[in-house]
Amino acid sequence: MVTFCYPTLKILQQLLITITHHSYSSLLTQKSQVIVVGAGPAGVTLALLLAKQGITVKLVEASRTFRRTFRGEGLMPSGLNALEQMNFSPILDRIPHRPLDAWKFLINGRLLFQVKEPIEPGGKPCTLVSQPALLEALVKEAIALPNFELLQGTPVQELVWEGERVSGVRVGGDRRLTADLVIGTDGRNSLLRQKANLPLEQQSKNFDILWFKLADSPQFEAENVFYSVVQGQHAFGLFRSSEGNLQVGWALRDKTSDWKQVNWAEQLASASPLWLANHFRTHADTLEHPVLLSVVVGHCPRWSVPGLLLLGDAAHPMSPIRAQGINMALRDVIVAANHLISPLRQREQAAIDGAIAQVQEERSPEILRVQQLQAEEATQADKLGNSALLRWGVSHTPLLKYPVRWSWLKRQRQLRQGIAPIQLDNVK
Ligand SMILES: Cc1cc2nc3c(=O)[nH]c(=O)nc-3n(C[C@H](O)[C@H](O)[C@H](O)COP(=O)(O)OP(=O)(O)OC[C@H]3O[C@@H](n4cnc5c(N)ncnc54)[C@H](O)[C@@H]3O)c2cc1C
């Protein structure tokens, strides 16, 4: 039998700590299996999903916090279902969220139509979920895993190539990070897309939105309604966010207008029916200065080059219309995980590069169809905005309201459920 005296035990203990620490830190500096660039909904969920499968993941994010520019909080049943499949839906119960009950469309101060949130039997409603809270909670789970590392406040500056294949990224101070696969989830203005020379085919109708926040009132607290308001050529959407304030997205038709000089409380009030105008005037002092959000909509004919795959807005920037982008990004993640987990485990470059091409093949048809549906919604709004006669007609003639309501409802099933069935394969 071997016995140890106290000093020997102390030395052994110290040795163990040193070995553990060394292997942990070398794990973080060695070549990882995956580098995910961009910690938005696509990047964070994919990084966590892969890390849970034992794959070593580095998640590299430019911003220092998740409270970055507003990027929407509407989750459709398709996105909620994707989170459920990834076993992330218990997180939703712990963070601010708010299911929508109804949609109201107001035109020239009159109600055009109102519909209950369309819910499939046994299904879920469109739900507003605080995006920063969701991302923070997911990252918290990931950080607990020894094979996951988050580099926050670290913008990627360049791709690193080995011949024709992407083998990593360069961040500040000429630091190179290498991996078997780089996944670009760096959003609509993706640097990785540009550096890999993957062109983006943009939809011609890109537009800008001014985003406002202001105080809510008991009326908005009691109801869960998304309002779409058209008054003359002006149009805006309004809802009570999951974080308890009102948020307004104003479609900026003329980018060259001096919108910074506008008295916005008065402008919003003058485009609203009386009850809403009163709210804007009463709470004018709480109206925050607007943020200008550029909306880019498009699709990359190629989402990948060897060693690099783009997902989410980086591959197909989505319009904010009818809350699709986060949901499409989450569904990309499921398909990517299905194709990538096995080749990533085997660390075979040829198999990884074969799998990334299949991701686009499976996802493109749904993305293109959803973008088409979003464009149809925009066209309907444009027609109303451009024709005073049409606005007058639909707001005064009940017979004309029905086709508008019918064509809106017709699109909603696919916009809520997605186009193709998506199922996450055997994941822990
Ligand atoms: C006004 C507005 C409202 C919207 N509302 C909704 C909605 O309600 N529901 C919905 O589903 N969709 C909505 N969308 C669309 C949605 O925001 C996007 O489709 C979605 O965020 C895409 O997710 P993503 O993870 O692909 O990219 P993003 O969410 O854009 O995340 C990209 C991340 O990459 C980081 N990054 C960028 N460059 C670098 C770099 N060089 N190095 C490291 N990190 C980098 C960014 O900081 C960011 O964190 C809205 C969009 C807009 C503009």
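Residues numbered from 1 in each chain as written. Predicted model: local features only at pLDDT ≥ 70, side-chain atom pairs only at ≥ 80, totals over all residues.

### Considerations on the overall build of the chain
For the record, the criterion: Only DSSP runs of H or I reaching four residues or more are called helices, and only runs of E reaching two or more are called strands; each is numbered from the N terminus. C-alpha atoms define the radius of gyration in this analysis, and the globule rule sets the expected value at 2.2 Å times the number of residues to the power 0.38. Counts of 20 or more other C-beta atoms within 10 Å of a residue's own C-beta define buried residues, counts of 12 or fewer define exposed ones, and intermediate counts define partly exposed ones; C-beta atoms are placed from the backbone. Each residue is represented by a C-beta atom placed from its backbone, and any two residues with such atoms within 7 Å are regarded as in contact.
When its secondary structure is counted, the chain shows 13 helices and 20 strands. Taking 22 Å as the expected radius of gyration for a compact globule of 428 residues, we find that the chain reaches 24 Å, a close match to that expectation. With the principal axes as the frame, the chain shows a C-alpha extent of 95 × 50 × 45 Å. Across the 428 residues that make up the chain, the buried fraction comes to 40%. Contacts spanning at least 24 positions in sequence make up 74% of the contacts within the chain whose residues lie at least 6 apart.

### A short note on the sheet that holds strand E7 (residues 127-129)
What counts is decided by this rule: Paired strands are those between which DSSP finds at least two bridges.
Here 3 strands make up an open sheet; going across it, the order is E3-E7-E4 and the pairing antiparallel. For this open sheet the edge positions go to strand E3 (74-75) and strand E4 (97-99), each flanked by a neighbour on one side alone. Note: E4 against E7, 3 bridges, orientation antiparallel. For Arg98, the partnering residue across the bridge sits in E7 and is Leu128.

### Observations concerning the sheet that holds strand E15 (residues 234-240)
Stated precisely, the cut-off is as follows: A fitted line through C-alpha atoms serves as each axis, taken over the contacting stretch for helices, and the angle formed by two N-to-C directions is quoted from 0 to 180°.
As summarised here, the arrangement of the 7 strands in space is E6-E5-E14-E15-E16-E13-E17, forming an open sheet in which the pairing is mixed. Of all the strands in the sheet, just strand E6 (110-116) and strand E17 (291-295) have a single pairing partner and so form its edges. Recorded for the sheet is a direction-independent mean angle of 20 degrees between the axes of neighbouring strands.

### Some details on the environment of Val129
Note on placement: Val129 falls in strand E7. Along the sequence, Val129 and Lys31 sit 98 residues apart, while their C-alpha atoms lie 35 Å from each other. Contacts of Val129, omitting those with residues within four sequence positions, involve Glu73, Leu75, Leu92, Ile95, His97, Leu134 and Ser242.

### Notes on the domain arrangement of the chain
So the rule is basically this: In this entry, domain limits derive from an automatic or database-based domain assignment.
Split into domains, the chain comes out as domain 1 (29-95 + 130-202 + 298-373) and domain 2 (100-127 + 207-295 + 387-421). The C-alpha centroid of domain 2 is placed 31 Å from the C-alpha centroid of domain 1. Elements represented by at least two residues in the side of domain 1 that touches domain 2 include exactly E3, helix H3 (77-85) and helix H11 (349-386). Here the side of domain 1 that touches domain 2 gets 5 residues from one element, more than from any other, and that element is H11.

### So, the site of the ligand
Defined as follows: For each residue, a C-beta atom is positioned from the backbone; the residue is called near a molecule or strand if that atom sits within 6 Å of it. As a working rule, the residues Ala, Val, Leu, Ile, Met, Phe, Trp, Tyr, Cys and Pro are called nonpolar, Asp, Glu, Lys and Arg charged, and the rest polar, with Gly in that last group.
Surrounding the ligand, one finds 39 residues, the nearest of these being Gly38, Gly40, Gly72, Gly312 and Gly325. Breaking the shell around the ligand down by element, the ones donating at least two residues are helix H2 (41-52), strand E2 (57-61), strand E13 (207-214), E17 and helix H10 (325-346). Broken down by element, the residue count for the shell around the ligand peaks at 4 residues, all from H10. Its residues placed into classes, the shell around the ligand shows 19 nonpolar, 13 polar and 7 charged. Counting contributing residues per domain, the shell around the ligand is built from domain 1 (29-95 + 130-202 + 298-373) and domain 2 (100-127 + 207-295 + 387-421), each supplying no fewer than three.

### As for the pairing of E13
In this structure, E13 lies alongside E17, joined through 5 bridges in antiparallel fashion. Opposite Phe207, over in E17, you have Val295 as the bridge partner. The pairing of E13 with strand E16 (residues 246-252) spans 7 bridges and is classified as antiparallel. Bridge pairing links Leu214 to Leu246 in E16.

### Observations concerning H3
Counted residue by residue, H3 has 8 buried out of 9 residues, so it is predominantly covered. Three or more residues of H3 are buried, namely Pro77, Ser78, Gly79, Leu80, Asn81, Ala82, Leu83 and Gln85. Its buried side turned inward, H3 meets E3, helix H4 (89-94), E7, H10 and helix H13 (398-417). Backbone geometry just after H3 places Asn87 at a positive phi near 65 degrees.

### What about the packing of H11 against H13?
Applicable threshold: When describing relative orientation, an angle under 35 degrees is termed roughly parallel and one over 145 degrees roughly antiparallel, while 65 to 115 degrees is termed roughly perpendicular and anything else oblique. Note on convention: the crossing is left-handed when the near helix lies turned anticlockwise from the far helix by less than a right angle, right-handed when the turn is clockwise.
One way to put it is that H11 packs onto H13 with a least axis distance of 10 Å and a crossing angle of 155 degrees. With respect to H13, the element H11 is oriented roughly antiparallel. Once H11 is placed against H13, the crossing between them reads as left-handed. Contacts from Val370, Leu373, Glu376, Glu377 and Gln380 in H11 reach Ser407, Arg411, Gln414 and Leu415 in H13. Tallied by class, the residues present in the contact of H11 with H13 amount to 3 nonpolar, 3 polar and 3 charged.

### Topic: the nonpolar core
For the record, the criterion: In these notes, a nonpolar core means any group of buried Ala, Val, Leu, Ile, Met, Phe, Trp, Tyr and Cys residues linked to one another through C-beta atoms within 7 Å.
Among the nonpolar cores identified, the biggest contains 106 residues, and Val34, Leu46, Ala47, Leu309, Leu311 and Val333 are the most heavily contacted of them. If you tally residues by element for this core, the top one is H10, at 11 residues. Looking at which domains feed residues into this core, each of domain 1 (29-95 + 130-202 + 298-373) and domain 2 (100-127 + 207-295 + 387-421) gives three or more.

### Focus: unusual backbone geometry
The phi angle at Ala323 is positive, at roughly 45 degrees, despite the residue not being glycine. For Ala323, the position within the fold is in the loop between strand E20 (308-310) and H10. Looking at Ala323, the number of C-beta atoms within 10 Å reads 23, which means it is buried. For Arg347, which is not glycine, the phi dihedral falls at a positive 55 degrees. Relative to the helices and strands, Arg347 resides in the loop between H10 and H11.

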